[in-house]
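Listed here are the chains, written in short residue letters.
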Amino acid sequence: MKRSLLMLSLFIITLNSFGQVVVDSSLLLSQKDMQWWEDSKFGLFIHFGLYAVLGEGEWAMFNKRMDTSEYGKLKDSFAVAKFSGKNWVDVAKQAGCKYMVVTSRHHDGFSLFNTSVGDYNSMNSPAKKDLIKEYIDAAHDAGMKAGIYYSPLDWRYPGFFFPDLYYSNALEMKKQTYTQVHELLSNYGKIDILWYDGGEDNWLGFAGLMWDGGKGWYTRGFEKPYTGKFSWQPIKLNSMVRALQPKIVINPRSGWMGDFNTQEVTLRGRESRPWELCTNLSQTAWGWTPHAADRMMSLDSCIRLLVSVVCQGGNLLLNVGPKADGEIEPAQVQRLKEIGNFLSIYGESIYSTKGGVWDEKWGGTTFTEKAVYVHILNVPPEGKIMLPSVSKKITAAKYLGTNVKVSFTQSEGAIVLNGITNKEHKTDMIVKLNLK
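Values in this document were obtained by computation on a predicted structure and should not be read as measured data.

## Examining the sheet that holds strand 19 (residues 414–418)
Piece 1. A sheet is described by the order of its strands in space; here 3 strands give the open sequence 16-19-18, paired in antiparallel fashion. Edge positions in the sheet fall to strand 16 (385–388) and strand 18 (407–410), since each of these pairs with one other strand and no more. Strand-to-strand twist across the sheet, computed as the mean angle between neighbouring axes with direction ignored, equals 20°.
Piece 2. Here strand 18 runs beside strand 19; their pairing, made up of 4 bridges, is antiparallel. Pairing of F408 across the sheet is with L417, part of strand 19.

## Notes on the packing of aromatic side chains
Piece 1. Counted by the stated rule, this structure contains 28 aromatic pairs.
Piece 2. Between the aromatic rings of W37 and F260, the centroid separation amounts to 4.5 Å while the plane-to-plane angle is 25°, which identifies the pairing as stacked. Here W37, found in helix 2 (residues 31–40), pairs with F260, found in the loop between strand 9 (249–250) and strand 10 (261–264); they are 223 residues apart in sequence, far enough to count as distant. Accessibility classification places W37 together with F260 in one group, the buried group.
Piece 3. Ring centres of W59 and F206 lie 6.4 Å apart, and the angle between their planes is 65°; this geometry places the pair in the edge-to-face category. Here the residue W59 occupies a position in the loop between helix 3 (51–54) and helix 4 (60–63), and F206 occupies one in the loop between strand 6 (193–196) and strand 7 (209–212), the gap between them amounting to 147 residues.
Piece 4. Through successive ring pairs, a cluster of aromatic residues spans W59, F62, W155, F160, F161, W203, F206 and F222.
Piece 5. Cation over ring: K215 sits above Y218, and NZ or CZ is 4.0 Å from the ring centre.
Piece 6. Lying over the aromatic face of Y167, K229 brings its terminal NZ or CZ to 4.5 Å of the ring centre.

## Some remarks on the layout of surface pockets
Piece 1. Of the voids in this model, the largest pocket is the one considered here, and its volume is about 380 Å³.
Piece 2. Along the walls of the largest pocket sit 23 residues, with E38, K41, T353, K354 and G355 positioned nearest its centre.
Piece 3. Among the secondary structure elements, those contributing two or more residues to the lining of the largest pocket are helix 2 and strand 13 (354–359).
Piece 4. For the lining of the largest pocket, the element with the most residues is helix 2, which contributes 5 residues.
Piece 5. Grouping the constituent residues of the lining of the largest pocket by class yields 4 nonpolar, 11 polar and 8 charged.
Piece 6. When its volume is computed, the second largest pocket comes out at roughly 260 Å³.
Piece 7. Along its surface, the second largest pocket is lined by 15 residues, and F367, V372, P388, S389 and V390 are the ones closest to its centre.
Piece 8. Elements represented by at least two residues in the lining of the second largest pocket include exactly strand 13, strand 14 (363–367) and strand 16.
Piece 9. Of the residues contributing to the lining of the second largest pocket, the split by class is 8 nonpolar, 5 polar and 2 charged.

Conventions and cut-offs
- Residues numbered from 1 in each chain as written.
- Predicted model: local features only at pLDDT ≥ 70, side-chain atom pairs only at ≥ 80, totals over all residues.
- Heavy atoms only, no water.
- Pairing = 2+ DSSP bridges.
- Helix = DSSP H or I, 4+ residues; strand = E, 2+ residues; numbered from the N terminus.
- Axes fitted to C-alpha atoms, helices over the stretch in contact; angles between N-to-C directions.
- Phe/Tyr/Trp six-rings, centres within 6.5 Å; stacked < 30°, edge-to-face > 60°.
- Buried < 20%, exposed > 50% of the residue type's maximum accessible area, 1.4 Å probe, protein only.
- Lys NZ or Arg CZ within 6 Å of the ring centre and 35° of its normal.
- 1 Å grid on protein atoms, 1.4 Å probe; cavity = no way out; pocket = protein on both sides within 12 Å on 5 of 7 lines; lining within 4 Å.
- Points joined across faces, edges and corners; volume = space filled by probe spheres on them.
- Nonpolar A, V, L, I, M, F, W, Y, C, P; charged D, E, K, R; others polar.

Now the structure itself:
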């Protein structure tokens, strides 16, 4: 089909609370090319940049209204003496993660890679390193699927805040995005995921203030997209991406619909497309803060969240923010290892499964062609769970990882599990139903 005809099918829809996106299915990956991502279920997100030096989160520059030149001086302290791409990848593998996404550049504009755009990057800091190269090389060596986070928006550009008033400046910001995305997808070999952030239209004009003689100063409102003359041209941008890395999985935050939907922090539940929940292991900020280790999610909460997401057909992308020296907090590493221990025993009920039923009261199911896995997060008082019928015969029902049988009945209308108990007080009691 000619491109001109494809353009007739373009329209705008709202996919999530972060913005409106252009739908163009011609750029979507096939189901076959998406399968590895959908099978992976669990990934590690890493937010790292100059903001780690301040220890006040990745939005510190904006929240504190820091002068760009003053914030830029943090570069002189960016030595990252304990950074190791291999260590980061090792942590992800120990956690049972199948993919990673690392910030190459956040909204503050500081790049962790060797770029031709200016000198505001890690190569021109005391670190004198291309951190993204070290991470990608380590991921390739370990067989880890490697993703890159990239922010099109940049707080250093007035053209982001007032794209019409500073239109030529906004075009410079756009040129930076195209140049740097091209570099990231050209200089490091195979990249598996491109994770944009802040490229939707309702982020533009973020200064937000409008003047009207009748009502005075008012805000446009984040729910209303920017409608001025500037555009990221997301179809053009992601057509370039597809040309450089044809099989890369792309999220929706560039203004194009992407290959999957993104939920952030709050689990909204099952979606009709592939989807992912990104959230933070430490309930502080995405970037490091001194309280990160003290405010971690419990292991119980991590397992419950992972199971809740996977039973509803999604992936979980769990974030940590390394300290200013590049080291991931030891306490966070330990929590991730504990998740990995759970997955080393029960991973068959998570990886390469599909989401089944979900019940807020007791839990949900995942399934493959050969088995149904019943994840019981809360044992019903009567010890009974009713499930929809399946077309195949159940040949056995046991608690996963044991030889302990579970009583069940199977009929055309339903499956009923009886006598469910949790004597060991496990977070997730898993019953495996073998199918013939």
